[in-house]
Amino acid sequence: QVTGDISGLVVEQGAALDWSLAGGEQSDAIKLILNDLVTQPSSSSNVAIASGGDNDVVEITARGRLDGELHTDLGEGDDAFLFDALQGLQAAAIPDTPCIVVEGDSGNDSVTFRVGSQVPANPEFEASLGVDHDTFLFDAPQGIQAAAIPGGPCIIVQAGGGNDSIAMRFGGLIATNFEID
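Everything numeric here is computed off the predicted structure, so don't read it as measured data. (Residues numbered from 1 in each chain as written. Predicted model: local features only at pLDDT ≥ 70, side-chain atom pairs only at ≥ 80, totals over all residues. Heavy atoms only, no water.)

### Here we look at the packing of aromatic side chains
Then, in step 1: The full count for this structure, using the stated rule, is nine aromatic pairs.
Then, in step 2: When the ring of Phe113 is compared with that of Phe125, the centres are 5.5 Å apart and the planes differ by 65 degrees; the resulting orientation is edge-to-face. Of this pair, Phe113 sits in strand E11 (residues 110-115) while Phe125 sits in strand E13 (residues 124-128), placing them twelve residues apart in sequence.
Then, in step 3: The class of Phe125 is buried, set by a relative accessible area of 0%.
Then, in step 4: What links up through ring pairs into an aromatic cluster is the set Phe81, Phe83, Phe113, Phe125, Phe136, Phe138, Phe170 and Phe178. (Phe/Tyr/Trp six-rings, centres within 6.5 Å; stacked < 30°, edge-to-face > 60°. Helix = DSSP H or I, 4+ residues; strand = E, 2+ residues; numbered from the N terminus. Buried < 20%, exposed > 50% of the residue type's maximum accessible area, 1.4 Å probe, protein only.)

### A closer look at the confidence of the model for the protein chain
Then, in step 1: Here the protein chain averages 75 in pLDDT, and 70% of its residues register 70 or above.
Then, in step 2: Taken element by element, the predicted model of the protein chain shows its lowest mean pLDDT in strand E1 (residues 2-3) (44) and its highest in E11 (93).
Then, in step 3: This stretch, residues 1-8, has a pLDDT under 50; its non-local contacts, to residues over four places away or in other chains, come to 18 contacts. (pLDDT = per-residue confidence, 0-100. Contact = heavy atoms within 4.5 Å.)

### What to know about the environment of Ala50
Then, in step 1: Following the sequence through the fold, Ala50 ends up in strand E5 (residues 46-50).
Then, in step 2: Here Ala50 falls in the partly exposed class, since its relative accessible area comes to 34%.
Then, in step 3: Distance in space between the C-alpha atoms of Ala50 and His71 is 8.5 Å, their sequence separation being 21 residues.

### Details of the pattern of salt bridges
Then, in step 1: Enumeration over the complete set of coordinates arrives at two salt bridges.
Then, in step 2: Measuring nitrogen to oxygen at the nearest pair gives 3.1 Å for the salt bridge that ties Asp84 to Arg114. Here Arg114 lies in strand E11 and Asp84 lies in strand E8 (residues 80-85), a separation of 30 residues in the sequence.
Then, in step 3: A salt bridge links Arg169 to Asp139; its shortest N-O distance comes to 3.2 Å. Of this pair, Arg169 sits in strand E17 (residues 165-170) while Asp139 is found in strand E14 (residues 135-140), placing the two residues 30 residues apart along the sequence.
Then, in step 4: Residue classification places Asp139 among the buried positions, given a relative accessible area of 12%. (Salt bridge = Lys/Arg side-chain N within 4 Å of Asp/Glu carboxyl O.)

Dropping the structure here:
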């Protein structure tokens, strides 16, 4: 477990993770870069981030393969979350991964997913926005296409109380499933 402010943490190719990052009750800035996070076929990499209270910023950049689950709990406060995979994600060794989950709480939260045109077979991008006035953006400037496996990628958004804004921007072909509640 890593606690406190985390800036510029880089996870290199071949690293297998099963750990958590915990922010404090003050404003935290967490920046994580994942480069080809590959694991053995029988296990997956799991990263849990809890940013804590106050106004936090969580930025995750993923390049190449990303196996396993990435779970972020934004906690209370006006928080911002960015998952940037504009360079594309490659097929994972673990079925139905990666799974990127973001949970909001009270406060005006902003959740953004940015992906390149190529994604693994069955990734899941999920956001639970919580209460207050939240914004969600799924941005795929080149469209989003997946390998020809049933199910394909899935985008799940659960709006909470308040006046939420949900936007999706696609600059090309779309081959994905949507669940918006």
